[in-house]
There are 2 protein chains.
Amino acid sequence: MLIRVSTLVLACSLVLSGCQNSPDVKTASVDPLPSWNDGPAKKAIVDFVGQVTAKGPNFVPVEDRIATFDNDGTLWVEQPIYTEVIFTEARVQQMAADHPDWKKKQPFAAVLNHDAKALAVSGEKGTAELLAVTHTGMSDEQFDGIVTSWMATAKHPRFQRPFTECIYQPMVELLRYLQANGFTNYIVSGGEQEFMRPWTDKTYGIPRERVIGTQMKTAFVNNGGGAALMRLPQLDSMNDGPGKPVNIGRFIGRRPIAAFGNSDGDEQMLEYTTAGSGLRFGALVHHTDAVREYAYDRESKVGTLDKALDEAGEKHWTVIDMRSDWKSIFSGQ
Amino acid sequence: MLIRVSTLVLACSLVLSGCQNSPDVKTASVDPLPSWNDGPAKKAIVDFVGQVTAKGPNFVPVEDRIATFDNDGTLWVEQPIYTEVIFTEARVQQMAADHPDWKKKQPFAAVLNHDAKALAVSGEKGTAELLAVTHTGMSDEQFDGIVTSWMATAKHPRFQRPFTECIYQPMVELLRYLQANGFTNYIVSGGEQEFMRPWTDKTYGIPRERVIGTQMKTAFVNNGGGAALMRLPQLDSMNDGPGKPVNIGRFIGRRPIAAFGNSDGDEQMLEYTTAGSGLRFGALVHHTDAVREYAYDRESKVGTLDKALDEAGEKHWTVIDMRSDWKSIFSGQ
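Residues numbered from 1 in each chain as written. Chains lettered and ligands numbered in written order. Predicted model: local features only at pLDDT ≥ 70, side-chain atom pairs only at ≥ 80, totals over all residues. Heavy atoms only, no water.

An unreviewed UniProt entry lists chain A under the name Haloacid dehalogenase-like hydrolase, from Terriglobus roseus.

Things to note about the confidence of the model for chain A
Residues and elements named next belong to chain A. Stated precisely, the cut-off is as follows: A residue's pLDDT is the predictor's confidence in that residue, given on a scale from 0 to 100. The helix count covers DSSP runs of H or I at least four residues long, the strand count covers runs of E at least two residues long, and both are numbered beginning at the N terminus. Pairs of residues are marked as contacts when any of their non-hydrogen atoms sit within 4.5 Å.
On average, residues of chain A score 91 in pLDDT, and 91% of them are at 70 or above. Taken element by element, the predicted model of chain A shows its lowest mean pLDDT in helix 4 (residues 116-135) (91) and its highest in strand 1 (residues 66-69) (99). The model gives residues 1-26 a pLDDT under 50, and that stretch makes 41 contacts with residues more than four places away or in other chains.

Focus: the pattern of salt bridges
Applied cut-off: The term salt bridge refers to a pairing of a side-chain nitrogen on Lys or Arg with a carboxyl oxygen on Asp or Glu at a separation within 4 Å. When a residue's accessible area, from a 1.4 Å probe over protein chains only, is under 20% of the maximum for its type it is buried; when over 50% it is exposed; and in between it is partly exposed.
Taken as a whole and judged by the stated rule, the model has 36 salt bridges over all chains. Here Lys43 of chain A ties to Asp47 of chain A by a salt bridge, and the two come within 2.8 Å at their closest N and O atoms. With Lys43 of chain A and Asp47 of chain A both in helix 1 (residues 40-53) and 4 residues apart, the pair spans about one turn of that helix. Of the charged contacts, one joins Glu267 of chain B and Lys307 of chain B as a salt bridge, the two residues approaching to 4.0 Å between their closest N and O atoms. Of the two residues, Glu267 of chain B sits in helix 10 (residues 267-274) while Lys307 of chain B sits in helix 11 (residues 307-315), which places them 40 residues apart along the sequence. A residue is classified by how much of its surface remains accessible, and Glu267 of chain B, at 8% relative accessible area, is buried.

Some remarks on the interface of chain B and chain A
Accessible area lost during the coming together of the parts is what is often quoted as the interface size. Which entries qualify depends on this criterion: Accessible area that two parts lose when put together, with a 1.4 Å probe and added across both, is what the buried area reports. Under the rule applied, a polar contact is a pair of N or O atoms within 3.5 Å (in protein, one hydrogen donor and one hydrogen acceptor; residues adjacent in sequence only if both atoms are side-chain atoms). Gly is put with the polar residues, along with every residue not named as nonpolar or charged; the nonpolar set is Ala, Val, Leu, Ile, Met, Phe, Trp, Tyr, Cys and Pro, and the charged set is Asp, Glu, Lys and Arg.
Taken together, the contacts link 32 residues of chain B with 32 residues of chain A. Overall, the association of chain B and chain A removes approximately 2,700 Å² of surface from exposure, summing both partners, and the carbon and sulfur fraction of that is 46%. Area buried by chain B at its contact with chain A is led by Glu209, Phe220 and Arg250 of chain B, which between them contribute 23% of it. With a shortest N-O distance of 2.9 Å, Glu209 of chain B and Arg254 of chain A are connected by a salt bridge. Along the contact surface separating chain B from chain A lie 20 residue pairs in polar contact (both at pLDDT 80 or more). Put simply, the parts of the chain that give the side of chain B that touches chain A at least two residues each are helix 5 (140-153), helix 7 (193-196), strand 3 (211-223), strand 4 (226-237), helix 9 (243-251) and helix 10 of chain B. Within the side of chain B that touches chain A, the residues separate by chemical class into 14 nonpolar, 7 polar and 11 charged.

Description of the packing of aromatic side chains
Residue and element names in this part refer to chain B. Convention followed: By convention, a stacked pair of Phe, Tyr or Trp rings (six-membered ring in the case of Trp) has centres within 6.5 Å and planes under 30 degrees apart, an edge-to-face pair has planes over 60 apart, and any other such pair is tilted. Charge-over-ring contacts are defined here by two conditions on Lys NZ or Arg CZ: a distance within 6 Å of the ring centre and an angle within 35 degrees of the ring normal.
Taken as a whole and assessed by the stated rule, the structure comprises 35 aromatic pairs over all chains. On the numbers, 4.2 Å between centres and 5 degrees between planes, the contact of Trp102 with Phe108 is stacked. Assigned by exposure class, Trp102 and Phe108 land together as buried. Ring geometry for Tyr168 versus Trp326: centroids 5.3 Å apart, planes at 45 degrees, classification tilted. Taken together, the positions of Tyr168 in the loop between helix 5 and helix 6 (169-180) and Trp326 in the segment after helix 12 (322-325) put the pair 158 residues apart, joining distant regions of the chain. For the pair formed by Tyr168 and Trp326, the shared burial category is buried. Over the ring of Phe143 we find Arg231; its NZ or CZ atom is 4.1 Å from the centre of that ring.

Focus on the environment of Met171 of chain A
Residues and elements named next belong to chain A. Mapped onto the fold, Met171 is located in helix 6 (residues 169-180). You can call Met171 buried: its relative accessible area is 0%. Considering only alpha carbons, one finds Met171 and Leu75, 96 residues apart in sequence, at a separation of 6.1 Å. Excluding anything up to four places from it in sequence, Met171 contacts Trp36, Phe69, Thr74, Leu75, Phe260, Val285 and Trp326.

Points about unusual backbone geometry
Residue Gln79 of chain B is joined to Pro80 of chain B through a cis peptide bond whose omega torsion reads 0 degrees. Looking at the element boundaries, Pro80 of chain B is found in the loop between strand 1 (66-69) and helix 2 (83-95). Geometrically, the link from Gln106 of chain B to Pro107 of chain B is a cis peptide bond, its omega value of 5 degrees lying close to zero. Backbone geometry at His316 of chain A places phi at a positive 60 degrees, although glycine is not the residue there. Relative to the helices and strands, His316 of chain A is located in the loop between helix 11 (307-315) and strand 8 (318-321).

Focus: the pairing of strand 4 of chain B
Residue and element names in this part refer to chain B. Rule in force here: Strands are treated as partners if at least two bridges between them are detected by DSSP.
Pairing between strand 3 and strand 4: 8 bridges, direction antiparallel. The residue bridging Asn222 from the neighbouring strand is Ala227, located in strand 4. The turn linking strand 3 back onto strand 4 is made up of 2 residues.

Examining the relation of the copies chain B and chain A
For clarity, the cut-off: For this overlay, a least-squares fit was computed on C-alpha atoms, restricted to residues scoring pLDDT of at least 70 in both copies.
The transform that puts chain B on chain A rotates by 180 degrees and translates by 0.0 Å along the axis, for an RMSD of 0.0 Å. Here the symmetry operator amounts to a two-fold rotation axis. Across chain B, the rotation axis passes nearest the C-alpha of Phe251 of chain B, at a separation of 3.3 Å. Same-surface contact between copies: 100% of interface residues of chain B are shared with the interface of chain A.

A look at the domain arrangement of chain A
All names here are of chain A. Which entries qualify depends on this criterion: Boundary definitions for the domains trace back to an automatic or database domain assignment.
Here chain A is partitioned into domain 1 (40-80 + 167-325) and domain 2 (83-153). For domain 1 versus domain 2, the separation of C-alpha centres amounts to 26 Å. Between domain 1 and domain 2, the buried area comes to about 1,400 Å², and carbon and sulfur atoms account for 67% of it. Three residues stand out in domain 1 for area buried against domain 2, namely Phe195, Pro198 and Arg231, and they jointly supply 43% of the buried area on that side. Linking domain 1 with domain 2 are 1 salt bridge, by the criterion used here. In this structure, Arg208 engages Asp144 in a salt bridge whose closest nitrogen and oxygen atoms are separated by 2.9 Å.

So, the packing of helix 1 (residues 40-53) of chain B against helix 6 of chain B
Residue and element names in this part refer to chain B. Using the following cut-off: To define axes, lines are fitted to C-alpha atoms, for helices over the stretch in contact only, and angles between the resulting N-to-C directions are given on a 0 to 180 degree scale. An angle below 35 degrees is treated as roughly parallel, one above 145 as roughly antiparallel, one from 65 to 115 as roughly perpendicular, and anything else as oblique. Helix crossings get a hand from a simple test, with the near helix turned counterclockwise from the far one by less than a right angle marking a left-handed crossing and a clockwise turn marking a right-handed one.
Between helix 1 and helix 6, whose axes approach to 11 Å, the crossing angle comes to 15 degrees. One way to sum up the angle between helix 1 and helix 6 is to call them roughly parallel. Handedness of the crossing formed by helix 1 with helix 6: right-handed. In contact with Ile45, Val46 and Val49 of helix 1, helix 6 contributes Leu174, Tyr177 and Leu178. When grouped by side-chain class, the residues that make up the contact of helix 1 with helix 6 number 6 nonpolar, no polar and no charged.

The following block contains the structure:
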């Protein structure tokens, strides 16, 4: 749902985790996860990485050290609403000048008037229409440019910084730590794939070919304008819930040994990952910090964490408690 | 179509290209493509690689040095019939003991009796049924084992060597040469994706996550047997013709700068690749060598090369003449 934030909450002052890199930054004595408190989550991560990389019964060859990460709520902020929804709304506003009929036509009027009720009435059909109009009808390369331009100036309503700076510093350190230990990291997100690819490499160090998301159909066209891939207004693959392991199989063809999520949409990805033979790691980011970020789980409309949280104990998944496990949330604060 | 080879043609004696590695194998003076004759194709490849890797107007950053390769007829032999068809036939024969009704039921009876006519009558519906029965109904990991077992003992009817040794030595050298120059190689084949993934890394040095093929639908299941991906008897994506650039966009998200194919099924992949800005390379393996391999193009039922061959001149695609450009065809001969 497109929900407007009516008030801007002052960005809380976060203590910078510090840790200016000293010259011996490359030695083993330097903490690779400085933004993590020394608690059970950090210990579980470091123990796991130590076991799969050391010679012994749990050793895993480099090519099978696959780690998958959800994006919204796992690597970056997903409240008060998914960034892609804010992008969609901005696109509607931007395109409205060329579509005077939208003032009275749903679901566009609802977006233009910030009318959440009317938008809710338009339902899934309305959402599909908004997605089609704002995300498709151009080549993938043109869409890449549209996303890049928007990302360069748009800001998070509460934190008043670019969305690509609303990423969790502890998770960025985790990505680097895994990579330094021979892991290959993938994003496996419900977000539309081409909405993420333009900025994931700069932001997370995850290149476009390792971004798996919800996919729109495309068509190869080769007319006067040259050979290109046109984005069509039809859903191809919904990369959420059971769609996540399905797309992991399709794209990667290997069962991950570690998976990180934060909502029920990640449940099946964690099940698939941790059901594999040998040592496996599943973790959920639990948003428990209303002061520094947000606190939400079972009742939240965005990023609901309910069934997966119940399952975590039985499946030995690590629950990362944002408030107690993370020394800092964002970088540069 | 399932066609039996009734006679075995004696493997022709190929001259081993020689070139025993000397201690200075890593120096630039060693020919990286020893199985290629010094002709226009080799020169075009070396010129292209030199230009995109050297500082200058045609330099391409490493992350964009993407090369895509068709498999059947481009990296390995596709005559007298695609290897996957031979596998399908073997699976039917292997499974027949548990299906006594197949003796009288089409399209299975046609396969068991080597009845090409009856098989042709069963048409696309018959092919789909054969594919469903032989390729699906198990987990992706189980299918991996089935393919691996078959590949270990099956032999090419003419060359009497494992199919994974019926690969073109000049193309293997090309893969290594590109990789050594910072390229990332992908297979983009009409073959079923999971039929290729079990052996491409050992055979070509192309790991499973860089194999894009025709895809069957899968479903995530998590029952008593544990969380797994089950292969369903439904086509998900046909990776041939325009499906190749579509899947390149979906999986890689970058337009390749080099593409190699051998049939009209590769036409759109080459169009998409060579229409990009900057220096691009498109090439077709032209099968012109009936003595050492096979000679076929426009009239062939397998690997038809007609429209793409006409287009090659206008689009400045390199046509690799197997007979004159390749010093040897297979390794170890």
